[in-house]
Amino acid sequence: MSSIENLSQLFMKFPGIGTRQAKRFVYFLLSQDPHYVDALASEISVLKKNIAQCTGCFRFYPRKGAGTLCNVCVDDADSSTLMVVEKDTDFDSVRRSGSYAGRYFILGGTIPVLEKDPASKIRIRELLERIEGSAADGLTEIILAMSVNPEGDFTRDYVLKALTPLAGQLGITITTLGRGLSTGTELEYSDGDTLRHALKNRA
Ligand SMILES: [Zn+2]
């Protein structure tokens, strides 16, 4: 196989990328300045070395020293609330909005409606462990902040059901974002005002 074929196959592993788009990426790279292609290749090659996954919230963060926790998990963030979001880009949006000062947990995806093995799609086991470990830290509220679409709804219901027994036992309240987020909204595309409103109106 040629380099064109090989690279296309690698691009096809990207989310939402099919054969035709993968090929388009390869031809785009061939038409670019060598410096651009070199910079891209070198950033990719150091990505996993420079970025670590936090063992507390599971988000990706710039690796510093030997610790395994990110700055948000170790700093003086309010440990009484834990916000559960779908993915790293959702974390970025909420963080940027400045409307929330507590801790986070990245679920790692959503559960497709009618999925036979929901637990395999998200970090539900890790979330339960995190909650158990956070109870002594003064955790009193878990905020479920999923997108407002069928898959987000399905995921929220599943997570809510899975957490309810443990939360009840530990005296922790579970809330969901208010309807400030309109139907079809992905959290990562929400602006700061919308997020603030949704957080204020959580129930
Ligand atoms: Zn963290």
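The protein chain is annotated in an unreviewed UniProt entry as Recombination protein RecR of Candidatus Nomurabacteria bacterium GW2011_GWB1_44_12. The record held by UniProt for the protein chain lists under Function (unreviewed entry) the comment "May play a role in DNA repair. It seems to be involved in an RecBC-independent recombinational process of DNA repair. It may act with RecF and RecO."

Trainee: Would you explain the sheet that holds strand E4 (residues 102-106) in this entry?
Mentor: Pairing between the strands of a sheet is mediated by backbone hydrogen bonds and can be parallel or antiparallel. If you trace the four strands from one edge of the open sheet to the other, you get E4-E3-E5-E6, paired in parallel fashion. The open sheet terminates on both sides in strands that have one partner only, identified here as E4 and strand E6 (173-176). On average, adjacent strands in this sheet sit at an angle of 25° to one another, irrespective of strand direction. Sheet topology places strand E3 (residues 78-85) next to strand E5 (residues 141-145); five bridges connect them, and they run parallel. Across the sheet, Met83 pairs through a bridge with Ile143, a residue of E5. Running at roughly 130° to E3, helix H5 (residues 88-97) makes contact with E3, E4 and E5 of the sheet.

Trainee: In this structure, what is going on with the pairing of E3? I would like to understand it.
Mentor: Successive side chains on a regular strand alternate, one facing one side of the sheet and the next facing the other. The sheet contact formed by E3 and E4 spans five bridges and is parallel. Within E4, the residue paired with Asp78 across the bridge is Gly102. Chirality of the crossover, the property in question, places the unit of E3, H5 and E4 among those that are right-handed.

Trainee: Help me out: how do you make sense of the domain arrangement of the protein chain in this one?
Mentor: Reports often express the size of an interface as the amount of accessible area lost when the parts come together. By domain assignment, the protein chain separates into domain 1 (3-52) and domain 2 (76-200). Just the C-alpha atoms count here: the centres of domain 1 and domain 2 sit 32 Å apart.

Trainee: I keep staring at helix H8 (residues 192-200) and nothing clicks. Help me out?
Mentor: Because each turn of an α-helix spans 3.6 residues, side chains separated by three or four positions in sequence point in the same direction. Considered for burial, the residues of H8 that qualify are Leu195, Ala198 and Leu199. Along the axis of H8, the buried residues cluster in a sector spanning 100°; they form a single face. Seen from the open side of H8, the exposed residues pointing more than 90 degrees away from its buried face are Asp193 and Lys200.

Trainee: I keep staring at the environment of Glu129 and nothing clicks. Help me out?
Mentor: Of note, Glu129 is situated in helix H6 (residues 124-134). The spatial distance from the C-alpha of Glu129 to the C-alpha of Gly56 is 9.9 Å, given a sequence separation of 73 residues.

Trainee: Would you explain the pairing of E6 in this entry?
Mentor: Here four bridges tie E5 to E6, and the two strands are oriented parallel to one another. Bridged to Ile142 within E6 is Ile174. A crossover connection joins E5 to the parallel E6 through helix H7 (residues 150-170); in handedness this β-α-β unit is right-handed.

Trainee: When you look at unusual backbone geometry in this model, what are you seeing that I'm missing?
Mentor: Glycine aside, the phi torsion of most residues is negative, and most peptide linkages are trans. You will see that Phe58, though not glycine, has its phi angle at about 70°, which is positive. Counting through the fold element by element, Phe58 comes out in the loop between strand E1 (51-53) and strand E2 (60-62). At Leu114, a residue that is not glycine, the phi angle is positive and equals roughly 75°. Among the secondary structure elements, Leu114 is positioned in the loop between E4 and H6.

Trainee: Sorry if this is basic, but what is going on with the environment of Gly152 here?
Mentor: Structurally, the position occupied by Gly152 is in helix H7. Gly152 sits in the buried class, given 21 other C-beta atoms within 10 Å. For Gly152 and Thr110, which are 42 residues apart along the polypeptide, the C-alpha to C-alpha distance reads 6.4 Å. Among residues more than four places away in sequence, those in contact with Gly152 are Thr110, Met146 and Ser147.

Trainee: Just checking my understanding: could you explain the nonpolar core for this structure?
Mentor: Nonpolar side chains tend toward joint burial in soluble globular proteins. Ranked by size, the top nonpolar core spans 32 residues in total, and within it Cys57, Met83, Val84, Val85, Phe105, Ile106 and Ala145 carry the most contacts. Other than its neighbours up to four places away in sequence, Phe105 contacts Cys57, Phe58, Leu82, Val84, Leu127 and Arg130.

Trainee: Is there a simple way to explain the packing of H5 against H8 in this structure?
Mentor: Helix-helix packing is described using two parameters, namely the angle between the two axes and the distance between the axes. For the pair H5 and H8, interaxial distance at closest approach is 9 Å and the crossing angle is 90°. By the angle between their axes, H5 is roughly perpendicular relative to H8. Only Gly192, Leu195 and Arg196 of H8 make contact with H5, whose side of the interface consists of Ser93, Val94 and Ser97. Broken down by class, the residue content of the contact of H5 with H8 amounts to two nonpolar, three polar and one charged.

Calculation criteria
- Residues numbered from 1 in each chain as written.
- Predicted model: local features only at pLDDT ≥ 70, side-chain atom pairs only at ≥ 80, totals over all residues.
- UniProt positions renumbered as here; feature names shortened; annotations may be inferred.
- Pairing = 2+ DSSP bridges.
- Helix = DSSP H or I, 4+ residues; strand = E, 2+ residues; numbered from the N terminus.
- Axes fitted to C-alpha atoms, helices over the stretch in contact; angles between N-to-C directions.
- Contact = placed C-beta atoms within 7 Å.
- Right-handed = clockwise from strand over helix to strand, strands pointing away.
- Domains from an automatic or database assignment.
- Buried ≥ 20, exposed ≤ 12 C-beta atoms within 10 Å, placed from the backbone.
- Arc of directions from axis to C-beta.
- Core = buried A, V, L, I, M, F, W, Y, C linked by C-beta atoms within 7 Å.
- Parallel < 35°, antiparallel > 145°, perpendicular 65-115°, else oblique.
- Nonpolar A, V, L, I, M, F, W, Y, C, P; charged D, E, K, R; others polar.

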